[in-house]
Amino acid sequence: LGTALTGGLAAQNIARTRQAAQQTQAARGEMAAVGKPYQEAGAQLTGAAQRGELTPASQQALQAAQAQIAQGVATRGGVGAAQAQTQIAALRNLMLENQYNFGLKVSQIGDSYALGAIKTGMEADRYLNAANQQFYGTLAQMLAPFITGAPAATPTRTA
């Protein structure tokens, strides 16, 4: 094998390695991008719940419950007013807690995509490194006779 051929093989391998690394990076980015909206939506829900802000749908449901409780107070008289306020506060707190928990679940969906992207990238890097080690090991075995004058070793294949 000539130096030019060896250099050409190495250059070709470097180009393929770069291409594979770029494809891996693109795949990571695409996978992470799928999860990002879930992470953002989850963060918005949990943040709003922590600030005591209900979603518009929850706010409507709370207003409907307040109206229903207010009707009950009107028919029972003023005695139930304090109880009504306690019921409304408990319902509001329950809604905020549910909103926060739902936000966490939505965020976890996004996190699982991000984790999947990392795992996919790591696995691809591992395979790429193994292929490069095999390539350069085989190349070294092929060049050994030219460097040392010993007979060429038969390249081994690994699965």
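Worth saying up front: this structure is predicted, and the values here are computed from it rather than measured. (Residues numbered from 1 in each chain as written. Predicted model: local features only at pLDDT ≥ 70, side-chain atom pairs only at ≥ 80, totals over all residues. Heavy atoms only, no water.)

Trainee: What am I meant to see in the packing of aromatic side chains here?
Mentor: In this description, a pair of aromatic rings is defined by centroid distance and the angle of the planes. In the structure shown here, the tally under the stated rule is two aromatic pairs. Pairing Tyr 38 with Tyr 113 gives two aromatic rings, centres 6.1 Å apart and planes at 10°, and the pair type is stacked. Here Tyr 38, found in helix H1 (residues 3-50), pairs with Tyr 113, found in helix H3 (residues 81-148); they are 75 residues apart in sequence, far enough to count as distant. The interplanar angle of 80° and the centroid separation of 4.9 Å between the aromatic rings of Phe 135 and Tyr 136 together place this pair among those described as edge-to-face. (Phe/Tyr/Trp six-rings, centres within 6.5 Å; stacked < 30°, edge-to-face > 60°. Helix = DSSP H or I, 4+ residues; strand = E, 2+ residues; numbered from the N terminus.)

Trainee: Honestly, the nonpolar core in this entry has me stumped. Any pointers?
Mentor: For soluble globular proteins, nonpolar side chains are generally found buried alongside one another. In this structure, Leu 54, Leu 62, Ile 69, Val 73, Ala 84, Ile 88, Met 95 and Leu 96 together form the largest nonpolar core, which totals eight residues. Listed by contribution, the elements that provide at least two residues to this core are helix H2 (56-76) and H3. For this core, the element with the highest residue contribution is H3, accounting for four residues. Residue contacts for Leu 96: discarding those within four places in its chain leaves Ala 49, Gly 52, Glu 53 and Leu 54. (Core = buried A, V, L, I, M, F, W, Y, C linked by side-chain atoms within 4.5 Å. Buried < 20%, exposed > 50% of the residue type's maximum accessible area, 1.4 Å probe, protein only. Contact = heavy atoms within 4.5 Å.)

Trainee: Teacher, can you tell me more about the environment of Asn 13 here?
Mentor: Mapped onto the elements of the fold, Asn 13 is located in helix H1. Setting aside residues up to four positions removed in sequence, Asn 13 forms contacts with Asn 132, Phe 135 and Tyr 136. Within the structure, the side chain of Asn 13 is placed 3.3 Å from the side chain of Tyr 136, a separation counted as a polar contact. (Polar contact = N/O pair within 3.5 Å; in protein donor to acceptor, adjacent residues only side chain to side chain.)

Trainee: Sorry if this is basic, but what is going on with the pattern of salt bridges here?
Mentor: When the charged atoms of two side chains with opposite charge come close together, those side chains can pair. Evaluated as defined, the whole model comprises three salt bridges. In this structure, Arg 28 engages Asp 125 in a salt bridge whose closest nitrogen and oxygen atoms are separated by 2.6 Å. Of this pair, Arg 28 sits in helix H1 while Asp 125 sits in helix H3, placing them 97 residues apart in sequence. Arg 28 gets classed as partly exposed once you look at its relative accessible area, which sits at 23%. The shortest N-O distance in the salt bridge between Arg 51 and Glu 53 comes to 3.1 Å. For Glu 53, a relative accessible area of 38% translates into the label partly exposed. (Salt bridge = Lys/Arg side-chain N within 4 Å of Asp/Glu carboxyl O.)

Trainee: Help me understand a nonpolar patch on the surface, please; the structure alone is not making it clear to me.
Mentor: Where nonpolar side chains cluster on the molecular surface, the patch consists of Met 31, Val 34, Tyr 38, Ile 109 and Tyr 113 and spans about 380 Å² of accessible area. For the nonpolar patch, the secondary-structure elements that each account for two or more residues are H1 and H3. No other element matches the three residues that H1 contributes to the nonpolar patch. With respect to the helices and strands, Met 31 occurs in helix H1. (Patch = residues over 30% accessible without salt bridge, like charges linked within 9 Å, V, L, I, M, F, W, Y side chains within 5 Å. Areas by Shrake-Rupley, 256 points an atom, 1.4 Å probe, with all protein chains shown as cover.)

These figures come from the coordinates and say nothing about function on their own.
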